[in-house]
Amino acid sequence: MVQILRDISLFLQMKGENPFRSRAYDIAADRISGLSEDLGTLLREDRLKELPGIGQAISDKVAELMSTGRLSAYETLRAELPAGVLELVRVPELGPKKAVLLARELGVDSVDALEKACREGRVRHVAGFGEKSEANLLAGIELYRRSTTPRRLLGDVMPVAERLLTSVKNTPGVVRASVGGSLRRRAETVGDVDLIASAAEPGAVFDAFCRAPEVAHVIGRGESKCSVRLHDKDLQVDLRVLPDEDFATALHHFTGSRAHHLRLRGLAQDRGLKISEWGVHRADGTKLPVPDEAALYRLLDMQYIPPELREDTGEIEAALAGKLPEDLVAWEDIQGAVHAHSTWSDGRNSLEEMARAAQALGLKFLTVTEHSEAAIYAGGLKEDDLRRQWDEIDRVNDTVKGLRLLKGIEVDILESGALDYSDSVLEQLEVVIGSIHVRHGMDEDQMTRRLLQAFDNPHLHILGHPTGRLIQSRDPYPLRMEAVLDKAAERGVVVEVNGKPERLDLKTEHVRMATQRGVKLVVSCDAHRASDLENLAFAVATARRGWARRSDVLNTLPAERFISALREQRAG
DNA sequence: GCCGTTTTCGGCCCGACTGTTTTCAGTCG
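Everything numeric here is computed off the predicted structure, so don't read it as measured data.

## Observations concerning the sheet that holds strand S8 (residues 273-276)
In step 1: Strands sit in the order S8-S9-S10 across an open sheet of three strands; the sheet is antiparallel. The sheet terminates laterally at S8 and strand S10 (287-288), the two strands that pair on one side only.
In step 2: Bridge count for strand S9 (residues 279-282) against S10 is two bridges, and the pairing is antiparallel. Looking at the pairing, His281 lines up with Lys287 of S10.

## With respect to the domain arrangement of chain A
In step 1: Examined at the domain level, chain A breaks down into domain 1 (2-147), domain 2 (152-242), domain 3 (258-320) and domain 4 (331-571).
In step 2: For domain 1 versus domain 2, the separation of C-alpha centres amounts to 29 Å.

## Some points on the protein's contact with DNA strand B
In step 1: Around DNA strand B there are 44 residues in total, and Asn18, Gly53, Gly55, Gly95 and Arg265 lie nearest to it.
In step 2: At a separation of 3.0 Å, a phosphate oxygen of DNA strand B approaches a polar backbone atom of Glu93.
In step 3: Contact distances for DNA strand B include 3.3 Å between a phosphate oxygen and a backbone N or O atom of Lys97.
In step 4: For the surface near DNA strand B, the secondary structure elements donating two or more residues are helix H2 (19-33), helix H4 (56-68), helix H7 (96-106), helix H9 (131-146), strand S5 (215-221), helix H14 (258-270) and S8.
In step 5: With five residues, H2 is the single largest residue contributor to the surface near DNA strand B.
In step 6: Across the surface near DNA strand B, the residue classes tally to 14 nonpolar, 14 polar and 16 charged.

## A closer look at the pairing of strand S16 (residues 494-498)
In step 1: The buried fraction of S16 is high, at five of five residues.
In step 2: Along S16, one buried face is formed by Val494, Glu496 and Asn498 and the opposite face, lined by Val495 and Val497, is buried too.
In step 3: Here strand S15 (residues 462-463) runs beside S16; their pairing, made up of two bridges, is parallel. Bridge pairing in S16 places Ile462 opposite Val494.
In step 4: As a crossover connection, the stretch from S15 through helix H21 (residues 481-491) into S16 is right-handed.
In step 5: Here S16 pairs with strand S17 (residues 521-527) via four bridges, running parallel. Considered in S17, the bridge of Asn498 is made with Ser524.

## Regarding unusual backbone geometry
In step 1: Gly256 connects to Ser257 through a cis peptide bond whose omega is -5°.
In step 2: Within the fold, Ser257 resides in the loop between helix H13 (247-255) and H14.
In step 3: A cis amide bond, omega 5°, links Asp505 with the succeeding residue Leu506.
In step 4: Topologically, Leu506 is positioned in the loop between S16 and helix H22 (508-516).
In step 5: In this model, Arg439 sits at a positive phi of 60°, which is unusual for a non-glycine residue.
In step 6: When you line up the elements, Arg439 lands in the loop between strand S14 (431-435) and helix H20 (444-455).
In step 7: Phi angles above zero are rare outside glycine, and Asp526 is one such case at about 45°.

## Examining the pattern of salt bridges
In step 1: With the rule as written, the count across this model stands at 47 salt bridges.
In step 2: For the salt bridge of Arg122 with Glu120, the shortest nitrogen-to-oxygen distance reads 2.9 Å.
In step 3: For Glu120, a relative accessible area of 44% gives the class partly exposed.
In step 4: With a closest N to O distance of 3.3 Å, Asp194 and Arg240 form a salt bridge. Pair noted here: Asp194 is in strand S4 (residues 193-199) and Arg240 is in strand S7 (residues 236-242), with a separation of 46 residues, a long-range link. For the pair Asp194 and Arg240, one class covers both residues: buried.
In step 5: Through salt bridges that share partners, Lys15, Glu17, Arg21 and Glu80 make up one connected network.

So, how was this worked out
Residues numbered from 1 in each chain as written. Chains lettered and ligands numbered in written order. Predicted model: local features only at pLDDT ≥ 70, side-chain atom pairs only at ≥ 80, totals over all residues. Heavy atoms only, no water. Pairing = 2+ DSSP bridges. Helix = DSSP H or I, 4+ residues; strand = E, 2+ residues; numbered from the N terminus. Domains from an automatic or database assignment. Near = heavy atom within 4 Å. Polar contact = N/O pair within 3.5 Å; in protein donor to acceptor, adjacent residues only side chain to side chain. Nonpolar A, V, L, I, M, F, W, Y, C, P; charged D, E, K, R; others polar. Buried < 20%, exposed > 50% of the residue type's maximum accessible area, 1.4 Å probe, protein only. Right-handed = clockwise from strand over helix to strand, strands pointing away. Salt bridge = Lys/Arg side-chain N within 4 Å of Asp/Glu carboxyl O.

Written out as structure tokens, the structure reads:
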């Protein structure tokens, strides 16, 4: 659905149609991809066109596509344009206009054909192209071929970005510096890294940046911007350097999201203001001081919106009305980490090592949740093993002061929906996470029933990684999420926001669906080694992106109250 | 295509960079 709308936008650009018309389809695609409500429900109740940016025409098209599986307007456009252009525009450097031109002039209908045309020197004879653009296209094609997964996991990019940021901050002359872009918004995947810095002399900062050992080559460099590609996975990094008085507006501009920023510019325009990375100006050209991002939002008479929420999924309306939650869960609120494995099952570090690492992060407790017996591949524990482990947990708790290991389990939810341990064992545990690890192939009805059945076991506290997805490598198993969350709310089952970078499960939209229903959450690290404890930060970010407040997240409570809250949830 | 408490028509966000240009179009973010 979303892809069809984006393709229509491209087709309209290719035809040279009104750019605002094309943009309308992109805006609608953004809107639909960020929905935290079921699209079918919205259509049935005829509420889709009430969303900002979606009107009658696009609503009708979405309805046609949903009911018939086809869209005549899309097919008409597609037929008017040369074959293969949708593949061509995926090549960096090649946009809709040039793609159509090359397709028409040279008859290229694929990236392979385009490469051949470049190598034969035919592209340089097309009006508007030259030898340089031919060489750039070849480089773009190479990049297109190499990048099987064009976006990278948040957790993979963050360490690289923070290293680069530190060296930029340490460059003489730099006043302030920050990451921007989807990385700062903590999106689950990021396409490139944006760094924004302020300094009086950009040139010197760019010189140092381009010499960094991570940099493979410099893509481009101007007065205020420099782009490089890293050795590491072809990652592109853009560095902007501006005067410090423009830092806040530049940071805001390059943090995005584009949709969020676009709406803000519109709001500014209504107030006779013009926002750009170079500051906020009145119509008469006078420049208003914007020392930080909070000041920018104040100028627009709205609450400050944290980066994680800037997706234009309702945060702007809420901030204008003063209804944006002020108590979003934050790293500082977290008392303990949930979901950790040790050498007892498939983890790499001992219980004591895990405990000391958690303590070093400033945490007060850590729930030890090994795999259960059915997870043979992961060294799942038999019930007897579990009792021996409790002895060691007691010893570590005596040794490591200031941090408490909680006795827990990540028990398999079996195919029938039963849990993999007897009730007599489960009732002795402080924290019971139930997860699905095998038999992902069940259909939507079966899988939904399996989970609902598991919720009937009163000893289950937390549903672990609810959809089983692995970002970019395994689809979520089919599930009626509304039904699962409805019953979780009804029965007091807490739901995990798993912070492992390839999981982030629940994902943002589902977090929002959960909190809207009053379902309580835990943020977890799913740690299999000591360094994985830092995954907790990605879980917190995902929860924030889903608008979760401190009170929605149970591991903001101290250990004793956390344990009792899990029980009270199930009892209540 | 969307939108509207000045508008149902006429606006719609803004700028950097590149390469091809003799003044600007395309791409990107």
